Amino acid sequence: MSTLIPSLLSILLAALTSYILSIVVERNALRLGLVKAPNERSSHVIPTARGGGAGLALVGVVGCGLLALNDAPLLAVVSGLGAIIAVMGFIDDLRDVSVTIRLGVQAASVIVFVVSTALLIGDTGDAVTAYGIAILCLTSVAGIWWINAFNFMDGIDGIAASQAGLVLVGAALLWLYADSSAFETPVFGAMMTIAGGTGGLLLRNWPPAKIFMGDVGSTFLGFVLFAVVLITVTTDAIPMASWIILLSVFVTDSTITIMRRTCRGERPWHAHRRHAYQQLSRRWGHQTVTLLYASLTALWAFPLAVASLANPSSAVWLVLASYILLSGLAVWAGAGARDER
C-alpha cells in the first residue's frame, strides 16, 4: 500500500499536467502557427490546433528521467531519445519537415535504443553474432515502422490517445497477472505515468477534439510503446505473443492499408485517408469509430492476450485468431481502398 498510493498520485499528477499543458498549447496555437488548414490526409474540415501532445511528451520525458534514478538506466535512454523524437515532431507540427529528416532522426533514435537495450539488459555475447546482428536490424526496422504506423493512425479525434492508454493499461494488467510485484518496478511506473498523461490529453482530444495530438504526441507515443515492448519482452516480463495481440487493432489497419496501397503502385509515405478507421469515420463519425476501436482492443485483443499469457502453447493460434477477425473487418471497412473524395 505504501508503494501503491504514491504511484496513483503520480498518475493523477501526470494526467493533470498533460491536461493543463494542452490548454496552454491551444491558447497559444495561433501565435505559434499550430493552426493549419486541413490537407489531403485530414478527416476534418474545421482548422483545429495541433501540438496538444507536447504536454504529454514532457510528462513522459520527465517521468522516465526521474524513474531512471531508481537503478533503471534504460529509462534514461527512453527519456533522452523520446525527447529528441518529440522535439522533431513538434518542429514538424510547426512547419512540415522533409520525410528524409524525420525518418533519419527516428531511425537513429530507434537504433540507439535497440543497441542500448542489448547492452544493458540483453546478452551482449549473442548480439555480436550474425544472428544477433540480424535480430537487432529487424527490431530496428520494426521500431521505425511502428512509430510511423502509429503516427498515421492518429487521424481522427481521440483514436490514438485512447488506444495508447488502453494498450499501456492492458500491458500493465498482463504484467501484474504474471507478477503481482510488477508495480514496484520503475518501468511499470513509467508505463502508468505515460498512461496518465495520455488520459489527461484525451480529455481535450476526445471527439469533438478541442486540440489534436500532433506529431509531437503521436511519434513520442509510438516510440514509447516500442520501447516498453522491447524492455518487457527482453526481461521476460510480458511475452511477445501477448504484445502482438494487444497491438493488433492498429497493426492490422495500418498493415492492410499500406499493403493495398503499395500493390496499386502508390507511395506509402504520401498523405492519404485510406485507413479503415478513416473510411468508417466518414460513414459513422469520429466518436463512434473511436469507441469501436477502443472496444476491439478492450473486449477482443486484451482477453486473447491474457489467454496467450496463461496458455503459452496456444499463443500462435490466439495470435492468428485475433488477426483473422480484425483483417476481415479492416477489408470490409475499406482499408487501403481508393479514396472516393
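To be clear, the structure that these remarks concern was listed above.
Reading the values: the criteria
- Residues numbered from 1 in each chain as written.
- Predicted model: local features only at pLDDT ≥ 70, side-chain atom pairs only at ≥ 80, totals over all residues.
- Heavy atoms only, no water.
- Helix = DSSP H or I, 4+ residues; strand = E, 2+ residues; numbered from the N terminus.
- Rg over C-alpha atoms; globule rule 2.2 N^0.38 Å.
- Buried < 20%, exposed > 50% of the residue type's maximum accessible area, 1.4 Å probe, protein only.
- Contact = heavy atoms within 4.5 Å.
- Core = buried A, V, L, I, M, F, W, Y, C linked by side-chain atoms within 4.5 Å.
- Salt bridge = Lys/Arg side-chain N within 4 Å of Asp/Glu carboxyl O.
- Phe/Tyr/Trp six-rings, centres within 6.5 Å; stacked < 30°, edge-to-face > 60°.
- Axes fitted to C-alpha atoms, helices over the stretch in contact; angles between N-to-C directions.
- Parallel < 35°, antiparallel > 145°, perpendicular 65-115°, else oblique.
- Left-handed = near helix turned anticlockwise from the far one by under 90°.
- Nonpolar A, V, L, I, M, F, W, Y, C, P; charged D, E, K, R; others polar.

Trainee: Can you lay out the overall build of the chain for me, pointing to particular residues and giving the numbers?
Mentor: From N to C terminus, the chain includes 15 helices and zero strands. For 341 residues, the compact-globule estimate of 2.2 N^0.38 gives 20 Å, and the C-alpha radius of gyration of the chain, at 19 Å, lies within 12% of that figure. Considered along the principal axes of its C-alpha atoms, the chain spans approximately 50 × 45 × 40 Å. Split into buried and exposed, the 341 residues of the chain put 52% on the buried side. Contacts in the chain between residues at least 24 apart in sequence constitute 78% of all its contacts with a sequence separation of at least 6.

Trainee: Could you give me a rundown of the nonpolar core, with the residues and numbers involved?
Mentor: Residues F113, M191, W243 and Y293 are the most contacted members of the largest nonpolar core, which totals 86 residues. In terms of residues, this core owes the most to one element, helix α10 (residues 214-234), which gives 12 residues. Beyond its immediate stretch of four places on either side in the chain, W243 contacts V167, A171, V228, V229, T232, V233 and I238. Counting residues in hydrophobic clusters, the runner-up holds five residues, among them V25, A29, L34 and A49.

Trainee: Help me get a handle on unusual backbone geometry, residues and values and all.
Mentor: Residues P207 and P208 are joined by a peptide bond in cis, for which omega reads -5°. For P208, the position within the fold is in the loop between α9 (186-205) and α10. One non-glycine residue, D71, adopts positive backbone phi at about 55°. On the secondary structure map, D71 appears in the loop between α3 (53-67) and α4 (73-94). The phi dihedral of D236 falls on the positive side, at around 60°, and the residue is not glycine. Residue placement: D236 occurs in the loop between α10 and α11 (240-246).

Trainee: Would you mind going over the pattern of salt bridges in detail, with residue names and values included?
Mentor: In total, this model carries five salt bridges according to the counting rule given. For R204, the salt bridge goes to E26, with nearest N and O atoms at 2.0 Å. Of this pair, R204 sits in helix α9 while E26 sits in helix α1 (residues 4-27), placing them 178 residues apart in sequence. The class for R204 is buried, based on a relative accessible area of 10%. Given a relative accessible area of 28%, E26 falls into the partly exposed group. Residues R274 and E266 are paired through a salt bridge, measuring 3.1 Å at the closest nitrogen-oxygen approach. Of the two residues, R274 and E266, both sit in the buried class. Salt bridges sharing common partners tie together R261, R264, E266 and R274.

Trainee: An account of the packing of aromatic side chains is needed here, citing residue identities and associated values.
Mentor: Evaluation of the coordinates by the stated rule reveals eight aromatic pairs. Taking 5.8 Å as the distance between ring centres and 75° as the angle between the ring planes, the aromatic pair formed by F113 and F223 counts as edge-to-face. Pair noted here: F113 is in helix α5 (residues 99-120) and F223 is in helix α10, with a separation of 110 residues, a long-range link. By the ring-pair criterion, three or more aromatic residues cluster together here, those being W145, W146, F150 and F250.

Trainee: Any details on the environment of L94? Residues and values, ideally.
Mentor: Here L94 shows up in helix α4. Separated by 122 residues in sequence, L94 and V216 place their C-alpha atoms 10.0 Å apart. Once residues lying within four places of it in the same chain are set aside, the contact partners of L94 are L32, G33, L34 and K36.

Trainee: An account of the side chain of T139 is requested, with residue identities and associated values reported.
Mentor: By the secondary structure assignment, T139 is in helix α7 (residues 130-152). For T139, a relative accessible area of 18% translates into the label buried. In contact with T139, other than residues within four places in its own chain, are V114, F226 and L230.

Trainee: Can you break down the packing of helix α13 (residues 276-284) against helix α14 (residues 286-310) residue by residue, with the values?
Mentor: For any two helices packed against each other, one specifies the crossing angle of their axes together with the interaxial distance. Following both chains from N to C, one finds α13 and α14 inclined at 135°, their axes separated by 7 Å at the closest point. Compared by their axis directions, α13 and α14 come out oblique. In terms of crossing hand, the pair formed by α13 and α14 is right-handed. Contacts between α13 and α14 involve A276, Y277, L280, S281 and W284 from the first element and H286, T288, V289, L292 and Y293 from the second. Across the contact of α13 with α14, the residue classes break down as seven nonpolar, three polar and no charged.

So yeah, pure geometry; function would need other evidence.
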